[in-house]
Amino acid sequence: MVETVSPKPTACLALADGTVFYGHGFGATGRCVAELCFNTAMTGYQEIMTDPSYAGQVVTFTFPHIGNTGVTPEDDETADPVAAGMVVKWDPTLASNWRATEELKSWLTRTGRIAIGGVDTRRLTRAIRQQGAPHVAMEHNPDGNFDLETLVAAARAWPGLEGMDLAKDVTCAQSYRWDEMRWAWPDGYSRQEDPKHKVVAIDYGAKRNILRCLASAGCDITVLPATATSDEVLAHNPDGVFLSNGPGDPAATGAYAVPMIKDILDKTDLPVFGICLGHQMLALALGAKTTKMNHGHHGANHPVKEHGTGKVEITSMNHGFAVDAQTLPEGVEETHVSLFDGSNCGIRMKDRPVYSVQHHPEANPGPQDSFYLFERFAEAMAARKA
């Protein structure tokens, strides 16, 4: 099944089932092989591309106007794009935004990321929903010459995200301090000068805005690599431990992360808060299991219900694995659930300030309905010290 567009295609997206999409290439030239997912957010393409949780994935944007606000270093969630590539409906137009410092096309070229425009993203999204997230090979070649058999074979040969530990590829190389707070008009980013709580954040692929939200909630943050031991965490004498978002299979990352978390829970009564992969790491440490989803949750419009209050929050999400709520052990309860498909979105220990959520309360991009979770973490640390 081949779909063509005019003028001459300069990029090609080949799915493992043999389906091929042609389009216009932009950004870097070359080839990438990854899992294909779709994101329904209407804004925040730069934050999405620089979110470390997208390692090993090509992102299809269902919203057609990608590139119209350009890019700015202020919106990077990490230093460079982490997502393997980008698929869009329309070729990016020139940037029109007062914050823009660079065009999307030149940014992708400079940072080595491949993109394809002119694709029927609606049809592609339907295929992902119906068949599951496919393995794909994407190539940008200005000459327009593609070896389709080789591309399809590369997609079929890619091992997939199950069993893949990607946190080690995106985590920090060494520890560092963080004090930058959330962006606010008119000053932009400011510094936390009067922190109340010492937090150690484990970096499985942490987004910068998560760290900013912790700082805005009154935290003095020390970030440690994903492979940090419990002794290294406790050496900082923290008031709380934060488990960050990140990419890959939680069961694979759990090989070294779960023993550390278990040790923290066994040795201390510290508040623990996890987001996304951190949520899955905590669940595994408590005895639950995780599963690979059909096509995951990727967007900024996902309704999540908190059981305790009955409140429905519109949230930002980005995950392809989920905690199996049926495997939660005694003493651990589900706190949040997706209203899209009923999948688990939060857990907590009944007798301790240890909890986590699957969605992204830091937004970027997305609504800010769930920021209270950072304040709840700060309140738990304050209560423990009191």
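Caption draft 1: Inspection of the side chain of T335 at higher detail. Turning to its location among the elements, T335 is positioned in strand β16 (residues 332-338). By relative accessible area, T335 is classed as buried at 12%. Non-local contacts of T335, meaning those with residues more than four positions away in its chain, are made with K305, E306, H307, G346, I347, R348 and S356.

Caption draft 2: Representation of the confidence of the model for the protein chain within the structure. With 98% of its residues at a pLDDT of 70 or more, the protein chain has an overall mean of 96. The model gives residues 1-6 a pLDDT under 50, and that stretch makes 17 contacts with residues more than four places away or in other chains.

Caption draft 3: Fine view of a nonpolar patch on the surface. The grouping of W98, W183 and W185 at the surface amounts to a nonpolar patch, some 460 Å² of accessible area in total. Its location among the elements puts W98 in the loop between β6 (85-87) and α2 (104-111).

Caption draft 4: Layout of empty space enclosed by the protein. Enumeration according to the criterion identifies four cavities of 30 Å³ or more in this entry. Of the volumes computed, that of the largest cavity is approximately 130 Å³. Around the largest cavity, the lining comprises 15 residues; the ones closest to its centre are S53, G246, G248, H319 and G320. At the level of elements, α9 (277-286) and β15 (312-323) are the ones that each hand at least two residues to the lining of the largest cavity. The element best represented in the lining of the largest cavity is β15, accounting for four residues. Of the residues belonging to the lining of the largest cavity, the class tally is six nonpolar, nine polar and no charged. Counted as a void, the second largest cavity has a volume near 90 Å³. Considering the residues around the second largest cavity, the lining is formed by 15 residues, among which I48, D51, K207, S316 and P365 are closest to the centre. Of all the elements in the fold, those that place two or more residues in the lining of the second largest cavity are α1 (45-49), β14 (290-306) and β15. Per-element tally for the lining of the second largest cavity: the top contributor is β15, with three residues. For the lining of the second largest cavity, a count of residues per class yields six nonpolar, six polar and three charged.

Caption draft 5: Broad picture of the packing of aromatic side chains. All told, the structure shown has seven aromatic pairs when counted by the stated rule. With centroids separated by 5.7 Å and ring planes inclined at 80 degrees, the aromatic side chains of F273 and F374 adopt a geometry described as edge-to-face. Taken as a pair, F273 in strand β13 (residues 272-275) and F374 in helix α10 (residues 372-385) lie far apart in primary sequence, 101 residues in all. When sorted by exposure, F273 lands in the same class as F374, which is buried. Pairing F273 with F377 gives two aromatic rings, centres 5.5 Å apart and planes at 50 degrees, and the pair type is tilted.

Caption draft 6: Representation of the pairing of strand β10 (residues 197-203). Counting buried positions along β10 yields six of seven residues, so the element is predominantly enclosed. In this structure, β10 lies alongside strand β11 (residues 219-225), joined through seven bridges in parallel fashion. Counted as the bridge partner of I202 is L224 from β11. Taken together, β10, helix α6 (residues 208-216) and β11 form a β-α-β motif whose crossover is right-handed. For β10 and strand β12 (residues 240-243), the ladder comprises four bridges, and the chain directions are parallel. Across the sheet, residue I202 finds its bridge partner in β12, namely L243.

About the thresholds
Each chain has its residues counted from 1, following the order in which its sequence is written. Local features in this predicted model are restricted to residues of pLDDT 70 or higher, and side-chain atom pairs are both shown and tallied only at a pLDDT of 80 or more, whereas totals for entire chains, interfaces and linings draw on every residue. For the side-chain quantities, the full set of heavy atoms in the structure was used; hydrogens and water were omitted. Runs of H or I in DSSP of at least four residues are treated as helices and runs of E of at least two as strands, each being numbered from the N terminus. Remark: exposure states derive from per-residue accessible area (1.4 Å probe, protein chains only) relative to the maximum for the residue type, with buried under 20%, exposed over 50%, and partly exposed in between. Contacts between residues were defined by any pair of non-hydrogen atoms, one from each residue, lying within 4.5 Å. The pLDDT value expresses, per residue, how confident the predictor is, ranging between 0 and 100. Residues enter patches when they are more than 30% accessible in relative terms and free of salt bridges; like-charged ones are connected within 9 Å and nonpolar ones (Val, Leu, Ile, Met, Phe, Trp, Tyr) within 5 Å. The protein chains shown are the only cover counted for residues, whose accessible areas, like all others here, come from Shrake-Rupley with a 1.4 Å probe. The salt bridge criterion pairs a side-chain nitrogen of Lys or Arg with a carboxyl oxygen of Asp or Glu, the two atoms within 4 Å. The way it works is a 1 Å grid over only the protein atoms, where trapped points that fit a 1.4 Å probe form a cavity and open points with protein on both sides within 12 Å along at least five of seven lines form a pocket, and then any residue with an atom within 4 Å of a point lines it. Grid points are joined across faces, edges and corners, and a volume is the space filled by probe spheres set on the points. Three residue categories are used. Nonpolar comprises Ala, Val, Leu, Ile, Met, Phe, Trp, Tyr, Cys and Pro, charged comprises Asp, Glu, Lys and Arg, and polar comprises the others, including Gly. Pairing of aromatic side chains here covers Phe, Tyr and the six-membered ring of Trp, requires ring centres within 6.5 Å, and sorts the geometry by plane angle: under 30 degrees stacked, over 60 edge-to-face, intermediate tilted. One requirement defines pairing of two strands: DSSP has to find at least two bridges between them. Handedness of a crossover is defined as follows: orient the strands so they point away from the viewer, and if the path from the first strand over the helix to the second runs clockwise, the crossover is right-handed.

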